[in-house]
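# Secondary and tertiary structure notes
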Amino acid sequence: MAQKATIYKVELSVSDMDRHYYETHKLTVAKHPSETDERMMVRVLAFALNAHEQLEMTKGLSSDDEPDIWQKSLSGELETWITLGLPSEKIVRQSCGKAKQVIIYAYGGNPAEMWWSKVQNSTTRFENLSVVSFTQDETTELAKLADRTMKVQVNVQDGDVMVSVGENIVYVTPVAWKAAKS
């Protein structure tokens with residue numbers, strides 16, 4: 001019998017001084033049986049960093065043809081495609097063809113750095129692609145914040161990110177490996 005997703009209820013308050021975005025989102029996050037707390041929390045962080053009223057969590061690991069997070073226009077066009085981890089060159093190419101903006105959030109320490117050195121040259125032609133990295137220490141600390149019911153506060157200022165759940169705080173500094181061309 002297949003295992004079911006674990007449901008997390010997240011009240012996400014975003015104060016992004018860099019984008020002048022201040023909102024609270026009530027999210028229901030389905031954590032796939034094979035998904036770690038670390039990956040789920042990176043997903044919540046990626047949502048916060050791109051928060052918008054039309055941004056949505058997708059089926060993620062349960063679907064091969066959807067990103068982890070996406071934003072569609074009111075007419076249904078894919079505006080933003082957000083993927084976590086270390087996607088293959090084929091997935092990167094397909095994603096860049098489907099959406100106006102593609103963001104990959106890489107994490108995992110040395111494997112992420114090895115992945116980037118392998119795919120970096122093949123991504124130069126994709127002007128709509130951004131690749132952002134989080135350190136292993138940061139994402140390991142984020143995983144410790146995971147709880148089935150959470151009030152998460154994310155503050156962004158000058159590129160630095162503070163994530164707090166209750167009394168616990170994790171500081172994250174996203175590193176842009178590749179920036180999309182405007």
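## Digging into the packing of helix α1 (residues 37–49) against helix α4 (residues 136–143)
The interhelical angle for the contact between α1 and α4, taken along N-to-C directions, is 100°, at an axis separation of 8 Å. Between α1 and α4, the crossing angle belongs to the class labelled roughly perpendicular. Contact residues: Asp37, Glu38, Met41, Val42 and Leu45 in α1; Gln136, Thr139, Thr140, Leu142 and Ala143 in α4. Split into classes, the residues belonging to the contact of α1 with α4 amount to five nonpolar, three polar and two charged.

## Focus on the sheet that holds strand β2 (residues 21–31)
Reading across from one edge, β2-β1-β8-β9-β10 is the order of the five strands in this open sheet, with mixed pairing throughout. Single-partner strands in this sheet number two, and they are β2 and β10 (168–172). Neighbour-to-neighbour, the strand axes of the sheet open up by a mean angle of 20°, direction not taken into account. Note that strand β8 (residues 149–157) and strand β9 (residues 160–165) share six bridges and pair antiparallel. Looking at the pairing, Val154 lines up with Val163 of β9. Those strands touched by α1 are β1 (6–16), β2, β8, β9 and β10, and its axis lies near 150° from that of β2. Its contacts with the sheet put α4 on β9 and β10, and the angle it makes with β10 is roughly 155°.

## Here we look at the packing of aromatic side chains
Summed over the entire model, instances satisfying the criterion amount to three aromatic pairs. Aromatic side chains Tyr105 and Phe134 sit 5.5 Å apart centroid to centroid with 0° between the ring planes, which places their arrangement in the stacked category. Within this pair, whereas Tyr105 is found in strand β6 (residues 101–106), its partner Phe134 is found in the loop between β7 (129–133) and α4, the two being separated by 29 residues in sequence. Each member of the pair, Tyr105 together with Phe134, is buried. One aromatic cluster is present, built from ring pairs that chain together Trp115, Trp116 and Trp177. Positioned above the aromatic ring of Tyr21 is the side chain of Arg19, whose terminal nitrogen or guanidinium carbon lies 5.2 Å from the ring centre. When the ring centre of Trp70 is taken as origin, the NZ or CZ atom of Lys72, which lies over that ring, is 4.1 Å away.

## Comments concerning empty space enclosed by the protein
Counted by the stated rule, this structure contains one cavity of 30 Å³ or more. Roughly 30 Å³ of volume is contained in the largest cavity. Lining of the largest cavity is provided by Leu12, Met41, Val44, Leu45, Leu142, Val152, Val154 and Val163. Within the residue set of the lining of the largest cavity, elements represented by two or more residues are α1 and β8.

## Remarks on unusual backbone geometry
At His20, a residue that is not glycine, the phi angle is positive and equals roughly 55°. Looking at where His20 falls in the secondary structure, it is placed in the loop between β1 and β2.

## Focus: helix α3 (residues 110–119)
Residues spaced three or four apart along an α-helix point in a common direction, a consequence of the helix completing one turn every 3.6 residues. Along α3, the residues classified as buried are Ala112, Trp115, Trp116 and Val119. Buried residues along α3 cover an arc of 95° about the axis, so they all sit on one side. Residues of α3 that are exposed and angled more than 90 degrees away from the buried face: Met114, Ser117 and Lys118. For α3, the elements touching its buried residues are α2 (89–98), β6, β7 and β11 (175–178).

The rules behind these values
Residues numbered from 1 in each chain as written. Predicted model: local features only at pLDDT ≥ 70, side-chain atom pairs only at ≥ 80, totals over all residues. Heavy atoms only, no water. Axes fitted to C-alpha atoms, helices over the stretch in contact; angles between N-to-C directions. Helix = DSSP H or I, 4+ residues; strand = E, 2+ residues; numbered from the N terminus. Parallel < 35°, antiparallel > 145°, perpendicular 65-115°, else oblique. Contact = heavy atoms within 4.5 Å. Nonpolar A, V, L, I, M, F, W, Y, C, P; charged D, E, K, R; others polar. Pairing = 2+ DSSP bridges. Phe/Tyr/Trp six-rings, centres within 6.5 Å; stacked < 30°, edge-to-face > 60°. Buried < 20%, exposed > 50% of the residue type's maximum accessible area, 1.4 Å probe, protein only. Lys NZ or Arg CZ within 6 Å of the ring centre and 35° of its normal. 1 Å grid on protein atoms, 1.4 Å probe; cavity = no way out; pocket = protein on both sides within 12 Å on 5 of 7 lines; lining within 4 Å. Points joined across faces, edges and corners; volume = space filled by probe spheres on them. Arc of directions from axis to C-beta.

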